[in-house]
Amino acid sequence: VFVILLTNPTGGAQVDPRRGSLEVRIADNDRPGNGEPGEDDDDDEEDEEPGLFKFDQASFNVFEDVGAAVISVRRSDGEAGAVSVDFATADGTAVDGEDYTGVSGTLTWENGDDDSKNFEVPIIDDDISEGLETVLLSLSNPTGGAEIHAQRGQATLRIRPSDRGDGDDDE
């Protein structure tokens, strides 16, 4: 497995956070089902692997008045066996208890399940004029033979200030 990552765009271009990286897996051609005569070609390696955990996006964006950010975690590249992974938040420039409420827990997938799982990060809407703030998101402790994606096992939650108006309601 290796990852191709697009970086350092020029001329005002930006790298799309959802499509700026690609994971490449090289199939093992020494296993049954590699096209040899008389072998089973219906063998699907992906179904035999427990998979990789990764955040659905490299960064999630919400406004301060949203109430809670919904964070999606995906199981990819396999769905064999029951697996789980822990998640947690940590302060970036946002502060737990002032800008958001820190959370941690465990997400669980059953055998054959490759649906995304979600958790919520409560966002605190205060009256303090602040710029963009960040919360760090991480995955850890995978079970059942699953692994955490090297680049997408961490993500950032960006909290944008709410539009509060210009004070026009004082007139």
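Thresholds, definitions, all that
- Residues numbered from 1 in each chain as written.
- Predicted model: local features only at pLDDT ≥ 70, side-chain atom pairs only at ≥ 80, totals over all residues.
- Heavy atoms only, no water.
- Pairing = 2+ DSSP bridges.
- Helix = DSSP H or I, 4+ residues; strand = E, 2+ residues; numbered from the N terminus.
- Axes fitted to C-alpha atoms, helices over the stretch in contact; angles between N-to-C directions.
- Phe/Tyr/Trp six-rings, centres within 6.5 Å; stacked < 30°, edge-to-face > 60°.
- Buried < 20%, exposed > 50% of the residue type's maximum accessible area, 1.4 Å probe, protein only.

On to the sheet that holds strand β9 (residues 133-140). Reading across from one edge, β4-β11-β9-β6-β7 is the order of the five strands in this open sheet, with mixed pairing throughout. The sheet terminates laterally at β4 (59-63) and β7 (104-109), the two strands that pair on one side only. Across the sheet, the mean angle separating the axes of adjacent strands is 25 degrees when strand polarity is ignored.

This part is about the packing of aromatic side chains. Within the structure shown, the criterion is met by three aromatic pairs. Taking the centre distance of 4.8 Å and the plane angle of 35 degrees together, the rings of F53 and W109 count as tilted. Taken together, the residues span a long stretch of sequence, with F53 in strand β3 (residues 52-55) and W109 in strand β7 at a distance of 56 residues. According to the relative accessible area criterion, F53 is buried, its value standing at 0%. Looking at W109, the relative accessible area reads 0%, which means it is buried. Here F87 and F119 contribute two aromatic rings whose centre-to-centre distance is 3.9 Å and whose plane-to-plane angle is 10 degrees, an arrangement assigned as stacked. In this pair, F87 is assigned in strand β6 (residues 83-91) and F119 in strand β8 (residues 117-122), connecting sequence segments 32 residues apart. Each member of the pair, F87 together with F119, is buried.

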